Amino acid sequence: MLPCKRDSNPSLIDRPFRMTVEILLYLSLGARVFGNELGVLKVVGLSGAIILFSGVATLAIVFARQERLPASVMFAALISLIATVVDLYLVDLVPRDMLYWTSILLMMCYIVRDEGAHLRCVLFLSGCVFLSVAIGGTYYSGMHGVKRLGLESGTVGTMFGNPNDLAQIALIAGISLLFLGLRCGRLASACIMIVAIGLMGVVLLTLSRQGLILLAFGLCVYLVTVLGTQARKLEAVLLATLILGIAVIFSAEIMEIVGGFLFRLGLESSRVDYWATAPQDMVDTLMAGYGTPNAYTLEGLQPHSAFLWLHLAYGGFCALVYTAWVVWVTVRTRSLAFNQQLPATMRTEGLVMFFIFLALQFTSVFAPFNYGCILAVATLEKRFAMQGA
């Protein structure tokens with residue numbers, strides 16, 4: 001990893017390379033999220049080719065500068081390699097989403113090492129969320145007239161079009177902005193806070209139960225952290241004031257959202273039913289799995305568990321590698337939490353990103369595909385690098 005000093009203050013020699021990767025990342029995400037609007041999807045495979053080219057170019061920069069690859073990228077590459085071998089053998093297809101994930105993770109890990117680039121990256125993701133909602137936002141009607149914000153199929157942001165996926169990227173970007181704002185000036189911090197509140201509004205409109213719980217967790221930890229910091233208590237007061245003011249102005253809409261959440265929180269979830277047949281499913285897929293298109297349980301369910309989905313899709317060894325990665329991240333995060341050499345806000349930021357990342361392992365089919373989750377992992381890798389190898 002790059003040493004701490006270089007991470008926070010890249011030299012003039014580093015800057016062109018980091019800017020190049022930053023441009024490649026934004027080009028890759030823009031072509032993917034707004035492929036329809038930009039006309040990229042009219043050329044079959046173009047958006048994917050842009051992502052893979054950008055990933056390879058970033059890899060070339062890393063090797064040319066003799067920098068060490070982040071461990072998470074190496075785990076992702078190994079998981080993607082196993083998935084590719086299995087899918088080519090079983091269904092004669094390449095798991096493109098796995099390769100896209102590895103490429104975007106590499107680029108994001110590289111650029112967030114610089115504080116300014118980290119902030120720009122999160123703001124770019126925030127802009128993707130807001131613009132996607134503005135272009136393709138739609139409300140899906142459920143029981144008792146409950147409506148959830150999502151993205152219309154076939155328009156923009158299809159990779160996070162589902163309300164839960166939209167909530168994930170919005171909440172992680174929002175919480176990340178709050179912590180990044182603590183390292184900015186007062187005016188910049190206030191502007192960043194407004195953007196973060198907008199993202200929180202998107203989370204609430206999705207009526208995502210996991211989104212609500214994780215957002216509340218992140219906000220509570222942020223407020224406790226800020227109140228315990230003498231120099232930045234004003235941020236907590238400002239955030240509370242803004243949220244209260246918005247709640248008063250949009251009281252009718254807030255009550256409707258509260259009603260929707262109360263109804264959804266009272267519903268029973270069937271997302272854990274796949275564990276009933278999990279032991280037999282794992283025995284049947286111990287060696288190779290069924291391939292990406294056929295990763296379903298004996299009951300025909302698609303598991304909302306990264307470990308079990310990987311097991312069904314690519315076999316036990318792939319799931320074991322993924323588990324090893326999660327354990328490695330857990331161990332490094334524990335070390336981060338007790339590292340007194342780093343500021344408390346940075347350690348707390350890492351802990352929040354870790355717990356959100358960990359929680360999503362049990363609520364999504366494969367959480368790391370979500371751009372918000374990639375941001376959380378990249379943030380953790382940045383903090384690990386500041387501790388040294």
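Throughout this document, residue positions are counted from 1 along each chain, in the order its sequence is written. For a predicted model such as this one, the threshold for reporting local features is a pLDDT of at least 70, and the threshold for listing and counting side-chain atom pairs is 80 or more; totals across whole chains, interfaces and linings nevertheless cover every residue. Values shown for side chains rest on all heavy atoms present in the structure; no hydrogens or waters enter the calculation.

Caption draft 1: Up close: the overall build of the protein chain. Helix and strand assignments come from DSSP, with helices taken as H or I runs of at least 4 residues and strands as E runs of at least 2, each series counted from the N terminus. Secondary structure summary: the protein chain contains 17 helices and two strands in total. For the protein chain, the spread of C-alpha atoms along the principal axes amounts to about 60 × 60 × 45 Å. Exposure categories follow from relative accessible area, calculated using a 1.4 Å probe and restricted to protein chains: below 20% of the type maximum is buried, above 50% is exposed, and the middle band is partly exposed. Relative to its full complement of 389 residues, the protein chain shows a buried share of 51%. At a minimum sequence separation of 6, the contacts of the protein chain that also span at least 24 residues come to 72%. Should any heavy atoms of two residues lie within 4.5 Å, those residues are considered in contact.

Caption draft 2: View of the nonpolar core. Only buried Ala, Val, Leu, Ile, Met, Phe, Trp, Tyr and Cys residues count toward a nonpolar core, and they belong to the same one when joined by side-chain atoms within 4.5 Å. Formed by 107 residues in total, the largest nonpolar core has its most connected members in Met108 and Leu310. Looking at this core element by element, the count peaks at twelve residues for helix α8 (residues 163–181).

Caption draft 3: Structural context of a nonpolar patch on the surface. Nonpolar side chains collect at one region of the surface, where Leu78, Leu81 and Val85 lie side by side and expose about 270 Å² of accessible area between them. With respect to the helices and strands, Leu78 occurs in helix α5 (residues 71–90). Here Leu78 falls in the partly exposed class, since its relative accessible area comes to 35%. Without a salt bridge and with relative accessible area above 30%, a residue can belong to a patch; like charges are then joined within 9 Å and nonpolar side chains (Val, Leu, Ile, Met, Phe, Trp, Tyr) within 5 Å. Accessible surface is estimated by sampling points in the Shrake-Rupley manner with a 1.4 Å probe; for residues, cover comes only from the protein chains shown. Take a side-chain nitrogen of Lys or Arg and a carboxyl oxygen of Asp or Glu: if they are within 4 Å of each other, that pair is a salt bridge.

Caption draft 4: Focus on the pattern of salt bridges. For the coordinates displayed, the defined rule picks out nine salt bridges. One salt bridge connects Asp97 with Arg32, and the closest N-O pair in it is separated by 3.4 Å. With Asp97 in helix α6 (residues 96–111) and Arg32 in helix α2 (residues 14–33), this pair connects stretches of sequence that are 65 residues apart. Given a relative accessible area of 41%, Asp97 falls into the partly exposed group. Taking relative accessible area as the criterion, Arg32 reaches 23% and is therefore assigned partly exposed. Connected through shared salt-bridge partners, Glu115, Arg183, Glu349, Lys382 and Arg383 make up one network.

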